[in-house]
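Geometric and topological summary
What follows is each chain in one-letter form.
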Amino acid sequence: MTAPAAKALRDPLRLEPRERLIFALDAPTGVDALAWVDRLGDAVQFYKIGMELLASGDYFAVLDELARRNKRVFVDLKFFDIPATVAGVVRGLSRWPVTYCTIHGWHAGMMEAAAEARSGELRLLAVTVLTSMDGGDLQTMGIDGQPAEVVVQRALAAQAAGIDGVIASGQEAGLIRAATGAGFSIVCPGIRPGGPVDDDQKRTVGVAEAFRRGADAIVIGRPIRQAADPVAAAEAIQAEILTSIK
């Protein structure tokens, strides 16, 4: 599949090797979130903060504290609304020390408005198909196509709209890279270092496989959070990343 003519993208984000592991900071309060940051220390340099923390009321206090500690911040709130509304929130968020922000990759006009509104360091990532969904889920939603096909279509639409990259399963990373070329960011959640487990993630891959297929960064939460030694688990992933990108 050939990429459509895309809007000019900014220079791709250059991540240091240890910034390619993004820890999903899923915590109910700011105190809990920062306790994890304290615990993980130098093992993690990049944090994703999402909807659970938003409900605590501590969201932007944690965001500022992460920036104060020289950590990169990924705001994962998956904005999806009319173009003017999404443009407004992206414009406002651009004033904060944020590296990545997610919007849904379902509407070209919305993505174009978001891309035009962004400024500073902020990079926008379009959510393609959630890693908890499979072909049956798409069919139930009235979407004709398997995840790989739909993901590539949405990645190309995001690129054409001027979005910096996508969120997608590592299973589709190679297809996205082949379709979009270099310089388009691919961030992969649903990573399971020890192989698939019995949870809500359906389209998973391991660490090395994600990078072999073209991922720029991976998002990991439970495999670190639920480990007997979370720091050791994070460092083991960092070591595997370093080996994978050499």
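Higher on the page you've got the structure.
Overview of the structure. Just so it is clear, the model here is predicted, and its values are computed rather than measured.

**What to know about unusual backbone geometry**
In this model, Asn70 sits at a positive phi of 65°, which is unusual for a non-glycine residue. Owing to a relative accessible area of 66%, Asn70 belongs among the exposed residues under this scheme. For Lys78, which is not a glycine, the phi torsion comes out positive at approximately 50°. Mapped onto the fold, Lys78 is located in strand β3 (residues 72-79). On the basis of relative accessible area, Lys78 is assigned to the partly exposed category, the value being 23%.

**So, the nonpolar core**
Of all hydrophobic cores here, the largest spans 63 residues; its most connected members are Leu25, Ile49, Ile163 and Ile218. Top element by residues in this core is helix α5 (residues 108-117). It accounts for six residues. Ranked by size, the runner-up nonpolar core spans 13 residues in total, among them Leu13, Leu125, Ile167 and Ala217.

**Re the packing of aromatic side chains**
Applying the stated rule across the entire model yields seven aromatic pairs. Consider the rings of Tyr59 and Phe60, whose centres lie 5.4 Å apart with planes at 65°: the pair is edge-to-face. By relative accessible area, Tyr59 is classed as buried at 2%. Relative to Tyr100, the ring of Phe74 lies with its centre 5.7 Å away and its plane at 75°, an arrangement referred to as edge-to-face. Remark: Tyr100 occurs in strand β4 (residues 100-104) and Phe74 occurs in strand β3; sequence separation between them is 26 residues. Given a relative accessible area of 1%, Phe74 falls into the buried group. Here the aromatic cluster, defined as three or more aromatic residues joined through ring pairs, consists of Phe23, Trp36 and Tyr47.

**Observations regarding the packing of helix α4 (residues 83-93) against α5**
Geometry of a packed helix pair, given as the angle between the helix axes and the separation of the axes. Closest axis-to-axis distance for the α4/α5 pair is 8 Å, and the angle between their directions is 25°. What the angle tells us is that α4 and α5 run roughly parallel. Between α4 and α5 the crossing geometry is right-handed. When α4 is examined against α5, the residues Pro83, Val86, Ala87, Val90 and Arg91 are found in contact with a partner set consisting of Gly109, Met110, Ala113, Ala114 and Ala117. Looking at the contact of α4 with α5 residue by residue, the class counts come to eight nonpolar, one polar and one charged.

**A closer look at the sheet that holds strand β1 (residues 21-24)**
Spatial ordering of the closed barrel is given by β1-β2-β3-β4-β5-β6-β7-β8, a layout of eight strands whose pairing is parallel. In this sheet, neighbouring strand axes are inclined to one another by 25° on average, regardless of whether the strands run parallel or antiparallel. Inspection of the sheet shows β1 paired to strand β2 (residues 46-49) by three bridges, in the parallel sense. Across the sheet, the residue bridging to Ala24 is Lys48, located in β2.

**Here we look at the pattern of salt bridges**
Per the counting criterion, the structure on display carries 13 salt bridges. Between Glu235 and Arg18 there is a salt bridge whose closest N-O contact spans 3.1 Å. Remark: Arg18 occurs in the segment before β1 and Glu235 occurs in helix α11 (residues 230-245); sequence separation between them is 217 residues. Since its relative accessible area comes to 32%, Glu235 is described here as partly exposed. Residue Arg18 is classed as partly exposed on the basis of its relative accessible area of 32%. A salt bridge links Arg213 to Glu209, with the shortest nitrogen-to-oxygen separation between them at 2.6 Å. Take Arg213: its relative accessible area is 28%, and that puts it in the partly exposed class.

Rules used in this analysis
- Residues numbered from 1 in each chain as written.
- Predicted model: local features only at pLDDT ≥ 70, side-chain atom pairs only at ≥ 80, totals over all residues.
- Heavy atoms only, no water.
- Buried < 20%, exposed > 50% of the residue type's maximum accessible area, 1.4 Å probe, protein only.
- Helix = DSSP H or I, 4+ residues; strand = E, 2+ residues; numbered from the N terminus.
- Core = buried A, V, L, I, M, F, W, Y, C linked by side-chain atoms within 4.5 Å.
- Phe/Tyr/Trp six-rings, centres within 6.5 Å; stacked < 30°, edge-to-face > 60°.
- Axes fitted to C-alpha atoms, helices over the stretch in contact; angles between N-to-C directions.
- Parallel < 35°, antiparallel > 145°, perpendicular 65-115°, else oblique.
- Left-handed = near helix turned anticlockwise from the far one by under 90°.
- Contact = heavy atoms within 4.5 Å.
- Nonpolar A, V, L, I, M, F, W, Y, C, P; charged D, E, K, R; others polar.
- Pairing = 2+ DSSP bridges.
- Salt bridge = Lys/Arg side-chain N within 4 Å of Asp/Glu carboxyl O.

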